[in-house]
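Here is how the chains run, residue by residue.
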Amino acid sequence: MISLTTCLRLVPFAVIIASMCCITRWLCRSVLQANTIGGNGSSWFCFTLATRRVTVVGWFAWLIAVILLDPWQALAKELDWTLLPRLAFHNALTILPPALTAAVCEVMTFPVLRQLRKLDLPWGQLKADAFFGRLWFSLPAALMWTGFRTASSGSRHATSILALVPAGLIVFLLFQVFWFRRRVANTFKPHSLTVGALRDRAFAMAERASVKLNQIYVYPMAKWQMANAFASQGNNLLLTDWLLSHLTIREVDAIIGHELAHMKRGHVSKQSWVLIVLWGMPVVWLRSQGVMPDLAWSALFLFGSWHATKCLRAVLSRRHEREADLEGVRINGDPGAFISALRQLERLNSMPHELNSFEEALSTHPSTQKRIEAIERLNFPSRELPPEGIDGAGSYALPEAVEAAAQGDTPVFDSTLKREIVNRFTVRYMFTIGLPPVLIGIFAAQPDSSLISSVIWLGGLTAYACLIVRMTDRAGRKPQSNLRPKLLERLTRRFGPIPEDAHFVGLSPGSEVRLFEGCYSWDLGFFWMDGEVLRYVGEQTHFALRRDQLSGTRLAPGAPRWRRTQRVCIDWVTPQGSKVDTMAFSCPGEKSFSADGRAAGILVESVEKWRDGREHESCNSKNSCELPVFGEITSTSPRDSLRLGRYISTLVMVLAVPTGVVVGGEIFRQDLVGALLVFVAIGAGHTFACLPTWRFKPSESAIKGNSALRAFTNHSPGARSAGE
């Protein structure tokens, strides 16, 4: 029988849930009845700020009430439950009810999103995101905390950790695979901007500001009507398509100058370190106590430290924004355009022009009014800003592939896949370089004979070197080789039937080996000889060349690897014969770089055989002979991608797992010399894997042979480097 005292303990929790729902409902009705639809941005801003406060206060109130009243433990004891059900019941009701209530409150804001922000979001999607977004962390935390607490209690249920902790990890991974990763991929899927006027302008500004801009990405956020720009780690510039389509060219240039100022001052890395130190230290202290604390105390501690860190970080962020505003105006030299851009962003994102002192204290950006006043005090000479932009021009035009991706027609060989290729290579590299020496050291420590141990080390290191050669030759190749059917279907819809004997190739402008977002091909497509015309169709570009426009074909070195690699280089001349350009083709359908080189030899033979055929004839149609046009393309040299800093950071990353095995398994106590040899072997293996890249030297003839390559080799900072 449940006592009256226990029932009274449950009343505050019902009040908290009811209050959160009622206040949210009242806020929704008030903002809709105020007839502010399409009005100033302060209504939306105040509404979102108020609903966020309701959720935060509700969480704090719930956790404090659990600590003070402890109703779940008392209820479980009165029901005479054993330790495991009691802990599971307590942990579940500690964090799941406020999480689900917050989800309900978010779902209640759906009419406001539709009417006030004009967002055309499906009801089902909003509901799924609200609930899954709360459960993907809270449910696994409740399971894992129950397992750890049960195990630390020393009871007969201690073995439950073998079930509950893995169960929590499995639930977390299921949320990651089936919801979180898909939602992030659909919502925040970047598309690299490697060519075009916007790319050229941004890199020119970065060069003038002495900033090494790495890559530019466009995020399709028109569905959420988000106009924003970000400077991320690694000096990547992120722009939303909603911003690019609603701001003029001069306004976008001003925004780019602001983000370049963030990169120049190192604001992103500073804020990241502040976040790690201010929030990471409490987590380390909590874990160092040795005893697994109660989930309510832990959640309150982490929740409180997280929000305290956000407040402190907001102070630093506002300071950085003021610095970036002034420095960005100096970089771009057009304060009038930046002021106009701030007003446009205020309108597009439904933000208020002014903030009161409390609202600004919690904001990461100063109010628009203060930012404009600070810029006006510079007394910087400004050009007149016509409403339509520069000389009557409108917004920046995006390349065809990026524009299609922003509209939902995502390329097959996109930035997400390139990042996956890089990640796959990184994982294989870590395990291939780091784990074999550990296994060799373990086996070599078993025999009592030093001679046998030496033989094990010698044979193991020989096999280790062969494994590295094989790994660097094959790692990262499979994702590209599997793209042929998808790419064939996509390009057939776009360009019409493609011959069955067409070669599946990777295209790179110029004859020099370059990295494009970590991959050695800028574009993937199909290449074939169509009578008197050599044709190529891909996602980024397409062209056709007559026989007389080709001046030569040859094999050139491919990606720097221990095994021989080759690519096909084709030289072509303009109709006037005034310039010779070069483009290179690889064979990504092969499973390894060495096989790619052998296929390249077959490909160059087929091209040479076609060139030696009958005399050329005029093209049948005006559009059938379209010359390649590349312009400057963002890339980097393989050698530049593996400088000393990257070499050391990669070595540290590789040593992480072996260090844990050697120290955690106490191998160093059994055989200190063998443990030291393990680390020496890992360092040698890492150096051995990097030697082909360090030996790689750009050829001057290749650079002189292509004007576009020369342009971005000499002037454009490198793109993100990787291993594929």
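K.L.:
Quick question: what am I supposed to make of the overall build of the protein here?
P.N.:
Looking only at helices and strands, the protein features 26 helices and eleven strands. In the protein, buried positions account for 50% of the 724 residues. Here the contacts in the protein between residues at least 6 apart in sequence split such that 73% fall between residues at least 24 apart. A total of about 34600 Å² of accessible surface is found on the protein, and carbon and sulfur atoms cover 61% of it.

K.L.:
In this structure, what is going on with the pairing of strand 5 (residues 503-509)? I would like to understand it.
P.N.:
A regular strand places its side chains on the two faces of the sheet in alternate fashion. With six of seven residues buried, strand 5 is to be regarded as a mostly interior element. As judged from the five bridges shared by strand 5 and strand 6 (residues 523-530), these two strands associate in the antiparallel manner. Looking at strand 6, one finds that Val505 is bridged to Gly525. The sheet contact formed by strand 5 and strand 11 (residues 580-586) spans four bridges and is antiparallel. Each bridged residue has a counterpart across the sheet, and for Gly506 the counterpart in strand 11 is Ser586.

K.L.:
Can you help me understand the sheet that holds strand 1 (residues 191-192) in this one?
P.N.:
Where strands meet in a sheet, backbone hydrogen bonds hold them as pairs that are either parallel or antiparallel. Taken in spatial order, the four strands line up as 1-2-4-3 in an open sheet, and their pairing is mixed. Bordering the open sheet on either side are strand 1 and strand 3 (229-232), each of which pairs with just one other strand. Pairing of strand 1 with strand 2 (residues 215-219), which is carried by two bridges, proceeds in the antiparallel orientation. Its bridge partner lying in strand 2, His191 is registered against Val218.

K.L.:
Can you walk me through helix 20 (residues 484-495) in this structure?
P.N.:
Counting along an α-helix, one turn takes 3.6 residues, and residues three or four places apart therefore face a common direction. When the terminal C-alpha atoms of helix 20 are compared, their 16 Å separation across twelve residues agrees well with the 16 Å that a helix rising 1.5 Å per residue should span. Of the residues making up helix 20, those classed as buried are Leu487, Arg490 and Leu491. All buried residues of helix 20 project into a common sector of 90 degrees when viewed along the axis, lining one side. Facing away from the buried side of helix 20, by more than 90 degrees, are the exposed residues Pro485, Glu489 and Arg493. If you follow the buried residues of helix 20, they end up packed against strand 5, strand 6 and strand 7 (533-538). Of the residues trailing helix 20, Gly496 is marked for its positive phi of about 100 degrees.

K.L.:
Is there a simple way to explain unusual backbone geometry in this structure?
P.N.:
With the exception of glycine, the majority of residues adopt a negative phi angle, and the majority of peptide bonds are in the trans configuration. We note that Lys118 has phi near 60 degrees; this positive angle belongs to a residue other than glycine. Here Lys118 shows up in the loop between helix 5 (110-115) and helix 6 (123-152). Phi at Glu517 takes a positive value of approximately 55 degrees, unusual for a residue other than glycine. Tracing the backbone through its elements, the reader meets Glu517 in the loop between strand 5 and strand 6.

K.L.:
Looking at this model, I keep getting lost on the side chain of Ser415. Mind explaining?
P.N.:
Residue position: Ser415 is located in helix 17 (residues 415-444). The class for Ser415 is buried, based on a relative accessible area of 1%. Each residue touching Ser415, except ones within four places of it in the same chain, is listed here: Pro190, His191, Ser192, Tyr217 and Glu517.

K.L.:
How do you make sense of the pairing of strand 7 when you look at a structure like this?
P.N.:
Taken across its six residues, strand 7 has five buried, putting it largely inside the fold. Across six bridges, the pairing between strand 6 and strand 7 is antiparallel. Pairing of Phe527 across the sheet is with Tyr536, part of strand 7. Two strands pair when backbone bridges link them, and strand 7 and strand 8 (residues 542-546) are joined in this way by five bridges, in the antiparallel orientation. Considered in strand 8, the bridge of Tyr536 is made with Phe543.

The rules behind these values
Residues numbered from 1 in each chain as written. Predicted model: local features only at pLDDT ≥ 70, side-chain atom pairs only at ≥ 80, totals over all residues. Heavy atoms only, no water. Helix = DSSP H or I, 4+ residues; strand = E, 2+ residues; numbered from the N terminus. Buried < 20%, exposed > 50% of the residue type's maximum accessible area, 1.4 Å probe, protein only. Contact = heavy atoms within 4.5 Å. Areas by Shrake-Rupley, 256 points an atom, 1.4 Å probe, with all protein chains shown as cover. Pairing = 2+ DSSP bridges. Expected span 1.5 Å × (residues − 1). Arc of directions from axis to C-beta.

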